[in-house]
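Listed below, chain by chain, are the residues.
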Amino acid sequence: MIYAFLNQKGGVGKTTLSIHTAAELSNRGRRVLLIDADPQGSSLGWSNHRETADFTVVGMAKATIHKEIESLARDYDDVVIDGPPRVTELARSIILAADIVIIPLQPSPMDVWAAAETVDLVREAQMFNPEIKCCLALNRKIANTAIGRDVREALKELDVPILKSDIGQRVAFAESAASGTTVLDQKRSKAANEIKRFVDELRRLP
Ligand SMILES: Nc1ncnc2c1ncn2[C@@H]1O[C@H](COP(=O)(O)OP(=O)(O)OP(=O)(O)O)[C@@H](O)[C@H]1O
Ligand SMILES: [Mg+2]
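Residues numbered from 1 in each chain as written. Chains lettered and ligands numbered in written order. Predicted model: local features only at pLDDT ≥ 70, side-chain atom pairs only at ≥ 80, totals over all residues. Heavy atoms only, no water.

Novice: I'd like to hear about the overall build of the protein chain, residue by residue, with values.
Specialist: Of the regular secondary structure elements, the protein chain holds eight helices and six strands. When the helices and strands of the protein chain are read in sequence order from the N terminus, they spell out β-α-β-α-β-α-β-α-β-α-β-α-α-α. Expected size for 206 residues packed as a compact globule is a radius of gyration near 17 Å; at 16 Å, the protein chain falls within 12% of this value. Each of the three principal axes of the protein chain carries a C-alpha extent, and together these read 40 × 40 × 30 Å. Every one of the 206 residues in the protein chain was classed for burial, and the buried ones make up 50%. Here the analysis covers contacts within the protein chain between residues at least 6 apart in sequence; of these, 77% occur between residues at least 24 apart. When the accessible area of the protein chain is evaluated, it comes to approximately 10,100 Å², of which 51% is carbon and sulfur surface. Here the protein chain carries 27 positive and 28 negative side-chain charges, and the mean point of each set is 5 Å from the other. (Helix = DSSP H or I, 4+ residues; strand = E, 2+ residues; numbered from the N terminus. Rg over C-alpha atoms; globule rule 2.2 N^0.38 Å. Buried < 20%, exposed > 50% of the residue type's maximum accessible area, 1.4 Å probe, protein only. Contact = heavy atoms within 4.5 Å. Areas by Shrake-Rupley, 256 points an atom, 1.4 Å probe, with all protein chains shown as cover. Lys, Arg positive; Asp, Glu negative; His and termini not counted. Charge placed at Lys NZ, Arg CZ, Asp CG, Glu CD.)

Novice: Describe in detail unusual backbone geometry, supporting the description with residues and values.
Specialist: Working note: non-glycine residues mostly have negative phi, and peptide bonds are mostly trans. Of note, Arg140 is a non-glycine position whose phi angle comes to about 60 degrees, a positive value. Structurally, the position occupied by Arg140 is in the loop between strand 6 (133-138) and helix 6 (146-155). Relative accessible area serves as the criterion here: at 39%, Arg140 is assigned to the partly exposed category. Located in the positive-phi region is Asp159, a residue other than glycine, with phi close to 60 degrees. When you line up the elements, Asp159 lands in the loop between helix 6 and helix 7 (171-179).

Novice: Explain the sheet that holds strand 3 (residues 56-59) residue by residue, including any values.
Specialist: The parallel open sheet is built from six strands, whose spatial order is 3-2-4-1-5-6. What marks the edges here is a single partner per strand, and that holds for strand 3 and strand 6. Along the sheet, successive strands turn relative to each other by an average axial angle of 20 degrees, direction set aside. Bridge analysis of strand 2 (residues 32-36) against strand 4 (residues 78-82) gives five bridges, and the strand direction is parallel. Looking across to strand 4, one finds that Ile35 is bridged to Ile81. (Pairing = 2+ DSSP bridges. Axes fitted to C-alpha atoms, helices over the stretch in contact; angles between N-to-C directions.)

Novice: Describe the side chain of Ser26, listing the residues and the values that go with them.
Specialist: Along the chain, Ser26 turns up in helix 1 (residues 14-27). Judged by relative accessible area, which is 12%, Ser26 ranks as buried. Ignoring any residue separated from it by four or fewer positions in sequence, one finds Ser26 in contact with Val32, Asp54 and Phe55.

Novice: A description of the pattern of salt bridges should follow, citing residues and the corresponding values.
Specialist: This model, assessed by the stated rule, comprises 13 salt bridges. Notably, a salt bridge pairs Glu68 with Lys62, separated by 3.9 Å at the nearest N-O pair. When the shortest N-O distance is used, the salt bridge between Arg170 and Glu194 registers 2.8 Å. Here Arg170, found in the loop between helix 6 and helix 7, pairs with Glu194, found in helix 8 (residues 190-204); they are 24 residues apart in sequence, far enough to count as distant. Its relative accessible area of 28% is what places Arg170 among the partly exposed residues. Among the residues examined, Glu194 registers a relative accessible area of 7% and is labelled buried. Shared partners join several salt bridges into a network, and the residues in it are Glu24, Arg28 and Asp200. (Salt bridge = Lys/Arg side-chain N within 4 Å of Asp/Glu carboxyl O.)

Novice: Tell me what's going on with the site of ligand 1, and back it up with residues and numbers.
Specialist: The environment of ligand 1 is formed by 18 residues, the closest being Lys14, Thr15, Thr16, Asn139 and Gly168. A distance of 3.0 Å separates an oxygen atom of ligand 1 from a polar atom in the backbone of Val12. For ligand 1, an oxygen atom lies 2.8 Å from a polar atom in the backbone of Thr15. The protein chains hide 82% of the 620 Å² of surface that ligand 1 would expose on its own. Taking a 2 Å distance to the grid points as the criterion, the majority of the atoms of ligand 1 fall inside the largest pocket. Here the element with the most residues in the shell around ligand 1 is helix 1; it accounts for three residues. Of the residues that constitute the shell around ligand 1, the class distribution is five nonpolar, nine polar and four charged. (Near = heavy atom within 4 Å. Polar contact = N/O pair within 3.5 Å; in protein donor to acceptor, adjacent residues only side chain to side chain. 1 Å grid on protein atoms, 1.4 Å probe; cavity = no way out; pocket = protein on both sides within 12 Å on 5 of 7 lines; lining within 4 Å. Sits in = over half its atoms within 2 Å of the grid points. Nonpolar A, V, L, I, M, F, W, Y, C, P; charged D, E, K, R; others polar.)

Here it is, written out as structure tokens:
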């Protein structure tokens, strides 16, 4: 399966969710390739600090990913693509390479508008390949706030499935970014459980 995390907006959690999805799939015994398709190289930076080599991380910020994905993916069960913000040509190529595009966003009205832009790009690509799936994932949700519910309501108008497994605002995610670790290294933490549920849901998608 090829999972692409994409949103034209910066800082919504593409890299965080890419790394954690790759790590959780790898913990489940899958052979995983993480492609850092962002010229900023955040996933690669993270992997430079990582002590274990549980999955492979490569950099490829080129708008030819969709042409090269077949040979890149050959030796792996799953591929996770960490997409860039803003760069539209690269985003188009990533969408065409993906089986499923996951659009992370934070619970704020600005993020709803930005997600709509990315959804439009996916719809364009679906005209070439109707098999490409798409879903929205709420990240950095603060527990027991009305805004999470309001954003879900506002997102309905995009007509794209919203994952049920929200990811909360947790300092453990920010800490893991700098240290080459993941929240999964602390088994049974709330953050680790959220990621496990998130990956369960991704794998169950029809
Ligand atoms: N659930 C979370 N809880 C706390 N901090 C988070 C969470 N998700 C992401 N962050 C932090 O928010 C910042 C932005 O996240 P991240 O780098 O994953 O976003 P991005 O979409 O990849 O950004 P960019 O568009 O620049 O590539 C990082 O510092 C990250 O550690
Ligand atoms: Mg990133």
